[in-house]
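Coordinates in review
Okay, here's what each chain looks like letter by letter:
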Amino acid sequence: MEERDKNAHTDFILKKTEAIIAAVYLLSSLLSDSEPLKWRLRALGADILESAQLFLFSHTPREGVPDAAAEMERRGALARAFLELLARSRALSTRNVEVVSAELDHWAKLFRE
């Protein structure tokens, strides 16, 4: 991948990550402050954002990429599981959770490209 294309791909992934985490924060704002998953989701969101930046800027093309990509997929799956639990308990709307979960699925695949 050419340097310019690589930079565009990196920028796209970062913007996508920021948008998804913003959506997670927005959804979590609908939860009561006494709901423990509100704070877990927010902490996980901040962790995902930090990890995405480290992944995109700290690895060489051959070292650690599969492990880092698997870790990003794991974190995305954990966020989806929290959101789906909140939807099943009717703390969040099923439709909102479906939209964010689908975006998390697509986002996790970007780290394999």
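Above this text sits the structure in question.
Presented here is an overview of the structure given in this document. (Residues numbered from 1 in each chain as written. Predicted model: local features only at pLDDT ≥ 70, side-chain atom pairs only at ≥ 80, totals over all residues. Heavy atoms only, no water.)

1. Looking at helix H2 (residues 36–58)
Here H2 is 23 residues long and its end C-alpha atoms lie 32 Å apart, about the 33 Å a rise of 1.5 Å per residue gives. Residues of H2 that are buried include every one of Leu37, Lys38, Leu41, Arg42, Leu44, Gly45, Ile48, Ser51, Ala52, Phe55 and Leu56, and no others. For H2, the capping residue at the N-terminal end is Glu35, with a side-chain oxygen 3.1 Å from the backbone nitrogen of Leu37. (Helix = DSSP H or I, 4+ residues; strand = E, 2+ residues; numbered from the N terminus. Expected span 1.5 Å × (residues − 1). Buried < 20%, exposed > 50% of the residue type's maximum accessible area, 1.4 Å probe, protein only. Polar contact = N/O pair within 3.5 Å; in protein donor to acceptor, adjacent residues only side chain to side chain.)

2. Thoughts on the nonpolar core
Ranked by size, the top nonpolar core spans 29 residues in total, and within it Ile48, Leu83, Leu92, Leu104, Trp107 and Phe111 carry the most contacts. Counting only elements with at least two residues in this core, the list comes to helix H1 (3–28), H2, helix H3 (65–88) and helix H4 (94–110). Aside from chain neighbours lying at most four places away, what touches Phe111 is Ile13, Ala52, Phe55, Leu56, Ala69 and Met72. (Core = buried A, V, L, I, M, F, W, Y, C linked by side-chain atoms within 4.5 Å. Contact = heavy atoms within 4.5 Å.)

3. Brief notes about the environment of Ala68
Residue placement: Ala68 occurs in helix H3. According to the relative accessible area criterion, Ala68 is partly exposed, its value standing at 25%. Distance in space between the C-alpha atoms of Ala68 and Phe55 is 6.5 Å, their sequence separation being 13 residues.

4. Describing the side chain of Arg42
With respect to the secondary-structure elements, Arg42 resides in helix H2. Despite its burial, Arg42 pairs with no opposite charge; the closest candidate is Asp33, at 6.7 Å N-O. (Lys, Arg positive; Asp, Glu negative; His and termini not counted. Salt bridge = Lys/Arg side-chain N within 4 Å of Asp/Glu carboxyl O.)

5. Overview of H4
Taking 1.5 Å per residue, 17 residues should reach 24 Å; H4 reaches 25 Å between its end C-alpha atoms and fits that length. Here H4 has its buried residues at Val97, Val100, Ser101, Leu104, Trp107, Ala108 and Leu110. Buried residues of H4, viewed axially, fall in a sector of 160°; they line one side. Set apart from the buried face of H4 by more than 90 degrees, the exposed residues are Arg95 and Lys109. (Arc of directions from axis to C-beta.)

6. Let's talk about the side chain of Lys16
Its place among the elements puts Lys16 in helix H1. Within the structure, the side chain of Lys16 is placed 2.3 Å from the side chain of Glu103, a separation counted as a polar contact. Setting aside anything within four residues of it in sequence, one finds Lys16 in contact with Glu103, His106, Trp107 and Leu110.

7. A word on unusual backbone geometry
With phi around 65°, Arg90 is a residue other than glycine that occupies positive phi space. Mapped onto the elements, Arg90 comes out in the loop between H3 and H4.

8. Section: the pattern of salt bridges
Oppositely charged side chains can pair when the atoms bearing their charge come close. For the coordinates displayed, the defined rule picks out 7 salt bridges. Between Arg74 and Glu71 there is a salt bridge, with its nearest N and O atoms 2.7 Å apart. Of this pair, Arg74 and Glu71 both sit in helix H3, 3 residues apart, which is roughly one turn of that helix. As a salt-bridge pair, Arg95 and Glu98 come within 3.6 Å of each other at their nearest N and O atoms. Placement of both Arg95 and Glu98 in helix H4 is noted, with a separation of 3 residues, approximately one turn of the helix. Shared partners join several salt bridges into a network, and the residues in it are Asp47, Glu71, Arg74 and Arg75.

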